[in-house]
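Residue-level listing of the chains:
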Amino acid sequence: EPEVTQTPSHQVTQMGQEVILRCVPISNHLYFYWYRQILGQKVEFLVSFYNNEISEKSEIFDDQFSVERPDGSNFTLKIRSTKLEDSAMYFCASPPPGGDEQFFGPGTRLTVL
Amino acid sequence: ELKVEQNPLFLSMQEGKNYTIYCNYSTTSDRLYWYRQDPGKSLESLFVLLSNGAVKQEGRLMASLDTKARLSTLHITAAVHDLSATYFCAVDPQSGSEKLVFGKGTKLTVNP
């Protein structure tokens, strides 16, 4: 069964550094999402991406964040200048075409020191 | 803005007992999801409920949706230790992008 994969599984960075989180969605999926989960808290929507552009973004998704699909397979989330409060699990998700379930990747744990 | 509320947030129960987790949401939607999350892990899809009156069952878990009451329930029958996890409900606010808005989760602990 196809899976959503994410790399790295854990990223440690210094405050102010740039990080790029990568997701490889299931190949025929069209919608892609990034969510984050601060430790012990609920899952929060960051951004949705369809047809190579952002379709919706949350208030959390400010100018420090960007997404792109540079090569038609990887789907990346970039944080330009990380802050301590960016420490969280970041999940990539996508539903199959015409389907209803959202499949979540294993997540990247980001730790900002 | 859609708000999703779950209760209880913490639930400790004994094996063999039954219990229900509730998920209320604030605006119209007919798409509701239940996920399970083990510590340090990702979200595992349990149920997708797409219409009023939908009921789905898998093993000891049964989920239902009442779109008029804006309420979904996750019923646990004869709990076993393996069901210990955090359970999240999530609602599609039907804003066009099919994003999900999550509740805070219910941390379930099943004691032997």
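Up top is the structure.
Residues numbered from 1 in each chain as written. Chains lettered and ligands numbered in written order. Predicted model: local features only at pLDDT ≥ 70, side-chain atom pairs only at ≥ 80, totals over all residues. Heavy atoms only, no water.

J.: Looking at this structure, how should I read the overall build of chain B?
T.: Within chain B one finds 0 helices and 11 strands. Tracing chain B from N to C terminus, the helices and strands come up as β-β-β-β-β-β-β-β-β-β-β. Computed over its C-alpha atoms, the radius of gyration of chain B comes to 13 Å, within 12% of the 13 Å expected for a compact globule of 112 residues. Over its C-alpha atoms, taken along the principal directions, chain B stretches across nearly 45 × 30 × 20 Å. Looking at chain B as a whole, 47% of its 112 residues are labelled buried. If you take every contact in chain B between residues at least 6 apart in sequence, the share linking residues at least 24 apart comes to 54%. In the form shown here, chain B has an accessible surface area of approximately 5500 Å², with 48% of it arising from carbon and sulfur atoms. (Helix = DSSP H or I, 4+ residues; strand = E, 2+ residues; numbered from the N terminus. Rg over C-alpha atoms; globule rule 2.2 N^0.38 Å. Buried < 20%, exposed > 50% of the residue type's maximum accessible area, 1.4 Å probe, protein only. Contact = heavy atoms within 4.5 Å. Areas by Shrake-Rupley, 256 points an atom, 1.4 Å probe, with all protein chains shown as cover.)

J.: Explanation requested: the pairing of strand β8 (residues 71-76) of chain B in the structure shown.
T.: With 6 bridges joining them, strand β3 (residues 19-25) of chain B and β8(B) adopt antiparallel strand pairing. In the strand pairing of β8(B), B:Tyr19 is matched with B:Ile76. (Pairing = 2+ DSSP bridges.)

J.: Any chance you could explain the interface of chain A and chain B here in plain terms?
T.: It is common to report an interface's size as the accessible area lost on association of the parts. Each partner contributes residues to the interface: chain A has 20 residues there, and chain B has 21 residues. Summing both sides of the interface, chain A and chain B together bury roughly 1700 Å²; the carbon and sulfur share of this comes to 51%. Counting the contacts that link chain A with chain B gives 1 salt bridge. A salt bridge links B:Lys99 to A:Glu56; the nearest nitrogen and oxygen atoms lie 2.8 Å apart. (Buried area = accessible area lost by both parts, 1.4 Å probe. Salt bridge = Lys/Arg side-chain N within 4 Å of Asp/Glu carboxyl O.)

J.: I tried to follow the nonpolar core on my own but got confused; where do I start?
T.: The nonpolar side chains of a soluble globular protein tend to be buried with one another. By size, the foremost hydrophobic cluster in this structure holds 26 residues, and its most contacted members are B:Val4, B:Leu32, B:Trp34, B:Leu74, B:Ile76, B:Tyr87 and B:Leu108. Looking at this core element by element, the count peaks at 4 residues for strand β9 (residues 85-91) of chain B. With sequence-adjacent residues up to four places away left out, B:Leu74 is seen in contact with B:Tyr19, B:Thr20, B:Ile21, B:Trp34, B:Phe47, B:Leu61, B:Met62, B:Ala63 and B:Tyr87. One finds A:Phe75, A:Leu77, A:Tyr90 and A:Cys92 within the second-largest nonpolar core, a separate group that totals 21 residues. (Core = buried A, V, L, I, M, F, W, Y, C linked by side-chain atoms within 4.5 Å.)

J.: Teacher, can you tell me more about the pattern of salt bridges here?
T.: Should their charged atoms come close, side chains of opposite charge can pair. Across all of its chains, the model carries 4 salt bridges over all chains by this definition. A salt bridge links A:Glu44 to A:Arg36, with the nearest nitrogen and oxygen atoms 3.2 Å apart. In this structure A:Glu44 comes out as partly exposed when scored by relative accessible area, which is 22%. Between B:Arg36 and B:Asp38 there is a salt bridge, with its nearest N and O atoms 3.0 Å apart.

J.: Could you clarify how one ought to interpret the sheet that holds strand β1 (residues 4-7) of chain B in this entry?
T.: Paired through backbone hydrogen bonds, the strands of a sheet run either parallel or antiparallel to each other. Residue and element names in this part refer to chain B. Taken in spatial order, the 5 strands line up as β1-β3-β8-β7-β6 in an open sheet, and their pairing is antiparallel. Each end of this open sheet is capped by a strand with a single partner; those strands are β1 and β6 (55-58). When the angles between neighbouring strand axes are averaged without regard to direction, this sheet yields 15°. As judged from the 4 bridges shared by β6 and strand β7 (residues 61-66), these two strands associate in the antiparallel manner. Bridged to lysine 56 within β7 is alanine 63. (Axes fitted to C-alpha atoms, helices over the stretch in contact; angles between N-to-C directions.)

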